[in-house]
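Secondary and tertiary structure notes
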Amino acid sequence: MKAQSRAFSLLGVFMLGVSASSACASATPRLNSDAAQSAPSIRIATFNVSMDGSNYNERFTSLTESPLPQLLAKGRHPQIHNVATIIQAVRPDVILLNEFDFTGDWQQNVALFQQNFLAQAHGDYQAISYQYSYAAPVNTGVASEYDFDGNGKKSGIAGDAYGFGFYPGQYGMLLLSRFPIDTDAVRTFQHLPWYTQSGASMPLLNDQPFYDQQTWQAARLSSKSFWDIPLEVAGERLHILASHPTPPVFDGPEDRNGLRNFAELKLVADYIATPAPGYLVDDKAQVGGLSGDGRFVILGDLNAAPQGPKARPEAIDQLLKHPKVDSSLIPVSKGGAESSTEPFAKFYTASWQARVDYVLPSKFGLQPVGSGVYWPAEGEAGYELVRDRKLSSDHRLVWMDVQIIANE
């Protein structure tokens, strides 16, 4: 089962994507037309890999740069090897890695990750490679001159950074792809001001503005960034819409993080809306959202659950109930199901019992045919990779097989 031999056929997707663990396979293919049956199929995944400084250094609050490059160069860290093993088990064609620290020499980081981890077989899990990759700066850890967390101090980092973090690039994002990336057409929204969003709500405390006007106008909408990454797949264009909104917790009664999480998800919803709101101005000053009926897949740790004690349905429903989004196929796992007595536990994507990681395809031009969460049950192959948060991550890899339906 070599990565390079992956065919576009549905059979190829399932034979090469599913590991020895049945935890990866969880959905029956749904073929609704002759066109769908002959269409190429690819596997798309998202995985919060916890590859940031807080996972590798007990004194991470004093870090000024990421320790990840050195760990990748040494090639020995067991947590990173377990992350690579999970990717090898599922074998996605396209995968977004959340919390993969960004540095200026990110291409070298990618090369080291591939060479020292993904290219190394792990038991029955064979090497895998990705010819194309994309990363860009994020707001996390980028120092500001403002008191964003409202504690009366301007520390420049942590809660006062443009996105929570202790050094620039912490909790970054990385896209790996077997398909060409139209790098010149990538759009990023790192610097988009929060206050410009249609209907933006400034946090309030005791019915008073939490920020002064200068601070409010300096606040950025994205806690990391929002990316539109166009891929060329089987002669068709596919937009990967990647983000990692802030957790809607770790704040106070002003709910600044909850409001920002809602706003970051609204940004994605607005980007695919027709017509798109005029506030959408990317980092190159291009105005507007995704034009026409483009194919897209929304990817990322979105930090919003539709149900359960940690639910934020008003936030995530902006996407799950969006008229252009196909949310009909929900990835499940046996491990998630056994983690809680809740009937919806099978949908969980994080060890702290919530569905927060998503692969959401567009209704236009795509047909979901299979999905899963890599969360083996106790006693199944692969359980040793997720048994404890320190072994790999507190999140699980979520994947979906989608068929590319050509324009007629």
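Let me sum up the structure you'll find in this document. In this text, all values refer to a predicted model and were calculated from it rather than measured experimentally. (Residues numbered from 1 in each chain as written. Predicted model: local features only at pLDDT ≥ 70, side-chain atom pairs only at ≥ 80, totals over all residues. Heavy atoms only, no water.)

**Re the pattern of salt bridges**
On inspection of all chains with the given rule, the structure shows eleven salt bridges. Between R256 and E254 there is a salt bridge, with the nearest N and O atoms lying 2.6 Å from each other. Note on accessibility: R256 and E254 belong to one class, buried. With its nearest N and O atoms 3.6 Å apart, the salt bridge here joins K321 to D317. Take K321: its relative accessible area is 64%, and that puts it in the exposed class. On the accessibility criterion, D317 (21% relative accessible area) is partly exposed. If you follow the salt bridges from partner to partner, you end up with D182, E232 and R237 in one network. (Salt bridge = Lys/Arg side-chain N within 4 Å of Asp/Glu carboxyl O. Buried < 20%, exposed > 50% of the residue type's maximum accessible area, 1.4 Å probe, protein only.)

**Digging into the layout of surface pockets**
Of the pockets and cavities examined, the largest pocket occupies roughly 960 Å³. Of all the secondary-structure elements, those providing two or more residues to the lining of the largest pocket are β1 (41-51) and α7 (256-271). If one sorts the elements of the lining of the largest pocket by residue count, α7 sits on top with three residues. The residue inventory of the lining of the largest pocket, partitioned by class, reads 20 nonpolar, twelve polar and twelve charged. (1 Å grid on protein atoms, 1.4 Å probe; cavity = no way out; pocket = protein on both sides within 12 Å on 5 of 7 lines; lining within 4 Å. Points joined across faces, edges and corners; volume = space filled by probe spheres on them. Helix = DSSP H or I, 4+ residues; strand = E, 2+ residues; numbered from the N terminus. Nonpolar A, V, L, I, M, F, W, Y, C, P; charged D, E, K, R; others polar.)

**Topic: unusual backbone geometry**
Across residues other than glycine, the phi torsion is negative in most instances, and most of the peptide bonds are trans. P275 follows T274 through a cis peptide bond whose omega is -5 degrees. Residue placement: P275 occurs in the loop between α7 and β10 (295-301). Phi at D207 takes a positive value of approximately 65 degrees, unusual for a residue other than glycine. Mapped onto the elements, D207 comes out in the loop between β6 (204-205) and β7 (208-209). Despite not being glycine, F250 shows a phi value in the positive range, around 60 degrees.

No statement about biological role is implied by the geometric values presented.
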